[in-house]
Amino acid sequence: MSWLNSEAFTLFGQRIIWSDMIGNILGLITLALGWRRSLWTWPVQFLSGLVLFAAFYGHLTGSAGKQAVVMAVALYGWWQWQRSRGRSADGHIAPRFATWRERAAMLGSAAAGTVAVALLFTAYPSLSWDPWPDAYIFVGTVVAMYAQAKGMVEFWIAWLLVDLVGVPLNFANGYAFSGFVYVIYGALVLWGMRDWWLRSRRGPQPVLEGAPA
């Protein structure tokens, strides 16, 4: 699998690495499938994680471990969407907004998780080349995937927040393809968020705890 870390081609003076290119292309497909609420979102996400795991294994142990977590969350997302199918008129999952309690839980988990993972990366420098941004991206990705698995519209916002840090960091560390596809990522996220937002307004809304039925 060493070819995954070799140069595919050069674009605008930047070396494009095979694993970076394949991972980002699969990421674009995952976003597009997520927009369509297709169950295939999760197998493609799993495949993307598998490609990056193979690229990092034996070379960047920490990065390989992070991809293993991403693959595990992808399996959880597939399970969640599989059991939630048919709850909307078109046979797919029904998007919804998170409750305030869910939002607070995700924000708290993201903050605490980022600190904990960053301290771990700091204690073991071989796990990450830039502990705090790397921890933010990793934890933010897991939180976004969890929200997506639950069908929450907020997962699109979480992806935007992750990309705002992740893309410049990847560019700075030689993963230029991430920067080149950012405009496409941004467009897909915005269109996908709009679509889920409108669908959530047409579907049944979750009842807040303690509120009258």
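Not measured: the values here are computed from a predicted model.

Chemist: Would you mind showing me how to read the overall build of the protein chain here?
Modeler: Per the secondary structure count, the protein chain includes eight helices and two strands. In the protein chain, the succession of α and β elements from N to C terminus is β-β-α-α-α-α-α-α-α-α. The buried share of the protein chain, reckoned over its 213 residues, is 45%. Contacts in the protein chain between residues at least 24 apart in sequence constitute 66% of all its contacts with a sequence separation of at least 6. A total of about 11,200 Å² of accessible surface is found on the protein chain, and carbon and sulfur atoms cover 68% of it.

Chemist: What exactly am I supposed to notice about the environment of glutamine 82 here?
Modeler: Take glutamine 82: it is sitting in helix H3 (residues 61-84). Of the residues examined, glutamine 82 reaches a relative accessible area of 34% and is grouped as partly exposed.

Chemist: Explain unusual backbone geometry to me, please; I cannot follow it from the model alone.
Modeler: Negative phi values dominate among residues other than glycine, just as trans dominates among peptide bonds. Positive phi, close to 60°, is recorded for arginine 37, a residue that is not glycine. Within the secondary structure, arginine 37 is located in the loop between helix H1 (18-35) and helix H2 (41-56). Since its relative accessible area comes to 4%, arginine 37 is described here as buried.

Chemist: Whenever I open this one, helix H4 (residues 100-123) confuses me. Can you help?
Modeler: What sets the pattern is the α-helix's 3.6 residues per turn: residues three or four places apart point alike. In a regular helix each residue adds 1.5 Å, so 24 residues correspond to 34 Å; H4 covers 34 Å between its end C-alpha atoms and thus fits that length. Within the span of H4, buried status applies to Met106, Gly113, Thr114, Val117, Ala118 and Phe121.

Chemist: Sorry if this is basic, but what is going on with the packing of aromatic side chains here?
Modeler: All told, the structure shown has nine aromatic pairs when counted by the stated rule. Measuring from ring centre to ring centre gives 4.9 Å for phenylalanine 97 and tryptophan 197, while their planes differ by 85°; the resulting arrangement is edge-to-face. Of this pair, phenylalanine 97 sits in the loop between H3 and H4 while tryptophan 197 sits in helix H8 (residues 182-202), and the two are 100 residues apart along the sequence. Classification of phenylalanine 97 by relative accessible area gives buried; the value is 12%. Among the aromatic side chains, those forming a connected cluster through ring pairs are Trp42, Trp81, Phe155, Trp156 and Trp196.

Chemist: Honestly, the layout of surface pockets in this entry has me stumped. Any pointers?
Modeler: Picture a little ball the size of a water molecule; that probe, rolled over the atoms, points out where space is still empty. Looking at the largest pocket, its volume works out to about 370 Å³. In this structure, the largest pocket is lined by 16 residues; those nearest its centre are Leu107, Ala110, Val143, Ala158 and Leu161. Secondary structure elements with two or more residues in the lining of the largest pocket: H4, helix H5 (131-149) and helix H6 (154-172). Per-class residue counts for the lining of the largest pocket are twelve nonpolar, two polar and two charged.

Chemist: Would you explain the nonpolar core in this entry?
Modeler: Note on soluble globular proteins: their nonpolar side chains tend to be buried together. Counting residues in each nonpolar core, the largest one holds 37 residues, and the members touching the most others are Leu31, Met145, Trp156, Trp159 and Trp196. Looking at this core, the elements with two or more residues in it are H1, H3, H4, H5, H6 and H8.

Chemist: What is the right way to read the side chain of serine 48 from this model?
Modeler: Relative to the helices and strands, serine 48 resides in helix H2. According to the relative accessible area criterion, serine 48 is buried, its value standing at 6%.

Chemist: Would you mind going over the pattern of salt bridges with me for this structure?
Modeler: Side chains that carry opposite charge are capable of pairing whenever their charged atoms lie near each other. For the structure shown, the criterion picks out three salt bridges. Between glutamate 102 and arginine 96 there is a salt bridge whose closest N-O contact spans 2.9 Å. We classify glutamate 102 as partly exposed; its relative accessible area is 24%. As a salt-bridge pair, glutamate 154 and arginine 103 come within 2.8 Å of each other at their nearest N and O atoms. Of the two residues, glutamate 154 is situated in helix H6 and arginine 103 in helix H4; the sequence distance between them amounts to 51 residues. Judged by its relative accessible area of 14%, glutamate 154 is buried.

Chemist: Explanation requested: the confidence of the model for the protein chain in the structure shown.
Modeler: As a note on interpretation, predicted positions should not be read in detail where pLDDT is low. Residues of the protein chain with pLDDT of at least 70 account for 76%, and the chain-wide mean is 80. Averaged over each element, pLDDT in the protein chain is lowest for helix H7 (residues 176-180) (62) and highest for H4 (95). Low pLDDT, under 50, characterises residues 204-213; the stretch is placed with nine contacts to residues that sit more than four places away or in other chains.

Chemist: Looking at this structure, how should I read the packing of H1 against H2?
Modeler: When two helices pack together, their arrangement is captured by the angle between the axes and the distance separating the axes. At a minimum axis separation of 8 Å, H1 and H2 run at an interaxial angle of 165°. Of the possible angle classes, the one that applies to H1 and H2 is roughly antiparallel. The handedness of the crossing between H1 and H2 comes out as left-handed. Packed against H1, whose contacting residues are Ser19, Ile22, Gly23, Leu26, Ile29, Thr30, Leu33 and Gly34, the element H2 presents Thr41, Val44, Gln45, Leu47, Ser48, Val51, Leu52 and Ala55 at the interface. For the contact of H1 with H2, the class distribution of residues is nine nonpolar, seven polar and no charged.

What counts, and where the lines are drawn
Residues numbered from 1 in each chain as written. Predicted model: local features only at pLDDT ≥ 70, side-chain atom pairs only at ≥ 80, totals over all residues. Heavy atoms only, no water. Helix = DSSP H or I, 4+ residues; strand = E, 2+ residues; numbered from the N terminus. Buried < 20%, exposed > 50% of the residue type's maximum accessible area, 1.4 Å probe, protein only. Contact = heavy atoms within 4.5 Å. Areas by Shrake-Rupley, 256 points an atom, 1.4 Å probe, with all protein chains shown as cover. Expected span 1.5 Å × (residues − 1). Phe/Tyr/Trp six-rings, centres within 6.5 Å; stacked < 30°, edge-to-face > 60°. 1 Å grid on protein atoms, 1.4 Å probe; cavity = no way out; pocket = protein on both sides within 12 Å on 5 of 7 lines; lining within 4 Å. Points joined across faces, edges and corners; volume = space filled by probe spheres on them. Nonpolar A, V, L, I, M, F, W, Y, C, P; charged D, E, K, R; others polar. Core = buried A, V, L, I, M, F, W, Y, C linked by side-chain atoms within 4.5 Å. Salt bridge = Lys/Arg side-chain N within 4 Å of Asp/Glu carboxyl O. pLDDT = per-residue confidence, 0-100. Axes fitted to C-alpha atoms, helices over the stretch in contact; angles between N-to-C directions. Parallel < 35°, antiparallel > 145°, perpendicular 65-115°, else oblique. Left-handed = near helix turned anticlockwise from the far one by under 90°.

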